[in-house]
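# Fold and contact review
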Amino acid sequence: MPKAQDESWSSQDQVIEIIDTQGNNVRLDSAAQRVVCLFDPAIDIIYMLWAQDKLVGINMETYYDKELYDYYKHIDSRIANKELATPGSNDMLNIESAMALKPDLIIAQNLSPNVIKTLNSMGTAVYLSTSESYDHLMKEMEDIAVLLGKNDRGQQLINYAMDKTEQLQARSNNHKAKKKKKNAYFSWANGRI
């Protein structure tokens, strides 16, 4: 996995082009300043990147799913007060409501190619996320960090996750090495083993 570019190159002033985890080309003239995020794992990434100030819209499930709402209301007063717009869900987008928020970037999991093409023609980039595997999560963290101009923070998070994964793997390997092989003997009638 390539490392995220250092924030010393000014992503605020340079064109950003990446391929999302679903194979779509995503292009921004500079780092996104206004983001609509319709996929809650990507909302988590935005908060981990300390980029919540760029969030102008979220998926409607955030307010109606008790588990999501209980989590997010503690980390963002805009969500606690239901002040962030909800122009759609992971499966549906109200284009008019989304465009009224003037986003540079929309992050989702499921948008049709026609909707993406329409949004792109209106000047809004679309990043499709999947979060299906560890590799996808790492790529999405890196990509979203680049798209939001939070490259250094993204790399810190990726390094932390990789270190923790290596530590857990080492503990697992150590546990397996210490575990003695056990034998089992089965006995049937008439003393046969």
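In what follows, the accompanying structure is described. Everything quoted here is computed from the prediction, not taken from an experiment. Starting afresh in each chain, residues are numbered from 1 along the sequence in its written order. Local features in this predicted model are restricted to residues whose pLDDT is 70 or higher, and side-chain atom pairs enter the listing and the counts only when it is 80 or higher, whereas totals over whole chains, interfaces and linings include all residues. Side-chain numbers come from the whole structure's heavy atoms, not from hydrogens or water.

## Side note on the sheet that holds strand β5 (residues 85-88)
Pairing between two strands requires that DSSP report at least two bridges joining them. Runs of H or I in DSSP of at least four residues are treated as helices and runs of E of at least two as strands, each being numbered from the N terminus. Taken in spatial order, the 5 strands line up as β5-β4-β3-β6-β7 in an open sheet, and their pairing is parallel. If you trace the sheet from one side to the other, it starts and ends with β5 and β7 (125-128), each paired once. Within this sheet the neighbouring strands show an average axis-to-axis angle of 25°, counted without direction. Of the strand pairs in this sheet, strand β4 (residues 55-59) and β5 are connected by 2 bridges, and their pairing is parallel. Within β5, the position partnered with Gly57 by the bridge is Ala85. For this analysis, residues touch if any pair of their heavy atoms sits within 4.5 Å. For helices, the axis comes from a line fit to the C-alpha atoms of the stretch in contact; other axes are also lines fit to C-alpha atoms, and the angle between any two N-to-C directions lies between 0 and 180 degrees. Seen against the sheet, helix α1 (residues 40-48) touches β3 (35-37), β4 and β6 (105-108) and runs at an angle of roughly 150° to β4. Most of the contacts of helix α7 (residues 134-147) go to β7, to which it runs at about 165°, and overall it touches β6 and β7.

## What about the side chain of Gln109?
Its location among the elements puts Gln109 in the loop between β6 and α6 (113-121). Relative accessible area serves as the criterion here: at 19%, Gln109 is assigned to the buried category. Excluding anything up to four places from it in sequence, Gln109 contacts Gln22, Phe39, Asn90, Leu128, Ser129 and Thr130. Buried, partly exposed and exposed residues are distinguished by accessible area as a fraction of the type maximum, computed with a 1.4 Å probe on protein chains only: under 20%, between the cut-offs, and over 50%, respectively.

## Comments concerning the pattern of salt bridges
For salt bridges, the criterion is a side-chain nitrogen of Lys or Arg within 4 Å of an Asp or Glu carboxyl oxygen. Enumeration over the complete set of coordinates arrives at 6 salt bridges. Across the pair Glu17 and Arg27 runs a salt bridge, and its minimum N-O distance is 3.8 Å. Of this pair, Glu17 sits in strand β1 (residues 16-19) while Arg27 sits in strand β2 (residues 25-28), placing them 10 residues apart in sequence. Of the residues examined, Arg27 reaches a relative accessible area of 43% and is grouped as partly exposed. Taken together, the salt bridges that share partners define one network made up of Glu17, Arg27 and Asp29.

## With respect to the environment of Ser97
Note on placement: Ser97 falls in helix α5 (residues 95-100). When the C-alpha positions of Ser97 and Gly57 are compared, they lie 9.6 Å apart, and in sequence the two are 40 residues distant.

## Side note on the environment of Leu68
Turning to its location among the elements, Leu68 is positioned in helix α3 (residues 66-72). On the accessibility criterion, Leu68 (16% relative accessible area) is buried. Linking Leu68 and Asp40, residues 28 residues apart in sequence, is a C-alpha distance of 8.2 Å. Those residues in contact with Leu68, other than ones at most four positions away along the chain, are Asp40, Glu61 and Thr62.

## Here we look at the packing of α1 against α7
Where α1 meets α7, the closest approach of the two axes is 10 Å, and the angle between their N-to-C directions is 55°. On the basis of the axis angle, α1 is oblique to α7. Helix-helix and strand crossings are classified by hand; for α1 and α7 the assignment is right-handed. Note on element contacts: α7 touches α1 through Glu140, Met141 and Ile144, opposite Ala42, Ile45, Ile46 and Met48. Any angle that is under 35 degrees is reported as roughly parallel, and any over 145 degrees as roughly antiparallel; angles of 65 to 115 degrees are reported as roughly perpendicular and all others as oblique. The handedness criterion is simple: a crossing whose near helix is rotated anticlockwise from the far helix by less than a right angle is left-handed, and one whose near helix is rotated clockwise is right-handed.

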